[in-house]
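Structure assessment
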Amino acid sequence: MTTLRVGVGSGNPVKRRAVELALGSAADADLPGGPTGVAIESVPVDSGVSEQPTGHAETIAGAENRAVAVLDAEPRDRDAAPDDGATYDLGVGIEGGVAGFDGADGRYLIMWAAVTDGDRVGRAAGPSLALPGDVAARIDNGEELGPVMDGLLGTDGVATRGGAAGALTNGRVDRAEALAVGVSGALGPFVSELY
């Protein structure tokens, strides 16, 4: 294999950037198959969960569903599809949600990632950030975090930029870098001999 083909289960450019950060340089020796290059493509797929996942189980399911759906997706450019029939070597799913933690009050922004090659699945979480009480109350009343944050910030499309993570930390947490932590952890079974 010369190029590792990776599909990211989202059209969100921040999620694609997170995968780029997690995979590092194209010549990383520890990537599956020892590729000399990496091709990353955004593949908008359905998460199979609600627009605002709540709880770890639903958020993890959304990430896994996206990763698996990428491997089943039709190639965007049929002429560029590989001859071996596989569109992607790895499918990556990233899902953000809201959940609580035992031993901690309030609700938290959570991030989960899943990576699959069709046989194995790696899962990992990114950082979790406490939500302000008024934001958590609105989520509990059925609103979605992205639109709530857009309303508070007077913006449109915060999820495709700094996200709630950036807003809640005054830019100290970059959303793509935070999501990349989850993706890097989910790559564990594919890059470490300990699994």
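Refer to the preceding data block for the structure.
Below you will find a few notes about this structure. The model shown is predicted, which means the values in this text are computed figures rather than measured ones.

Calculation notes
Residues numbered from 1 in each chain as written. Predicted model: local features only at pLDDT ≥ 70, side-chain atom pairs only at ≥ 80, totals over all residues. Heavy atoms only, no water. Helix = DSSP H or I, 4+ residues; strand = E, 2+ residues; numbered from the N terminus. Expected span 1.5 Å × (residues − 1). Buried < 20%, exposed > 50% of the residue type's maximum accessible area, 1.4 Å probe, protein only. Contact = heavy atoms within 4.5 Å. Polar contact = N/O pair within 3.5 Å; in protein donor to acceptor, adjacent residues only side chain to side chain. Salt bridge = Lys/Arg side-chain N within 4 Å of Asp/Glu carboxyl O. Axes fitted to C-alpha atoms, helices over the stretch in contact; angles between N-to-C directions. Parallel < 35°, antiparallel > 145°, perpendicular 65-115°, else oblique. Left-handed = near helix turned anticlockwise from the far one by under 90°. Nonpolar A, V, L, I, M, F, W, Y, C, P; charged D, E, K, R; others polar. Phe/Tyr/Trp six-rings, centres within 6.5 Å; stacked < 30°, edge-to-face > 60°.

Considerations on helix H6 (residues 175-186)
End to end, H6 covers 17 Å across twelve residues, agreeing with the expected 16 Å (1.5 Å per residue, within 8%). Those residues of H6 not exposed but buried are Arg175, Ala176, Ala178, Leu179, Ala180, Gly182, Val183 and Ala186. In this structure, the buried residues of H6 make contact with helix H1 (13-23), strand E3 (90-101), strand E4 (104-116), strand E5 (121-125), helix H5 (163-168) and helix H7 (188-191). Sitting at the head of H6, Asp174 places a side-chain oxygen 3.1 Å from the backbone nitrogen of Ala176.

Structural notes on the pattern of salt bridges
For the structure shown, the criterion picks out eight salt bridges. Across the pair Arg120 and Asp117 runs a salt bridge whose closest N-O atoms are separated by 3.1 Å. Of the residues examined, Arg120 reaches a relative accessible area of 38% and is grouped as partly exposed. Given a relative accessible area of 26%, Asp117 falls into the partly exposed group. Residues Arg138 and Glu143 are paired through a salt bridge, measuring 2.9 Å at the closest nitrogen-oxygen approach.

Brief notes about the packing of H1 against H6
Between H1 and H6, the shortest axis-to-axis distance is 8 Å and the interhelical angle comes to 55°. When the interaxial angle is binned, H1 and H6 end up oblique. Helix-helix and strand crossings are classified by hand; for H1 and H6 the assignment is right-handed. Counting all contacts with H1, which are made through Val14, Lys15, Arg17, Ala18, Val19, Leu21 and Ala22, the residues of H6 involved are Arg175, Ala176, Glu177, Leu179, Ala180, Val183 and Ser184. The residue inventory of the contact of H1 with H6, partitioned by class, reads nine nonpolar, one polar and four charged.

Some words on the packing of aromatic side chains
One pass over the full model with this rule turns up one aromatic pair. Aromatic side chains Phe101 and Tyr108 sit 5.3 Å apart centroid to centroid with 85° between the ring planes, which places their arrangement in the edge-to-face category. You can call Phe101 partly exposed: its relative accessible area is 32%. Residue Tyr108 is classed as buried on the basis of its relative accessible area, which comes to 16%.

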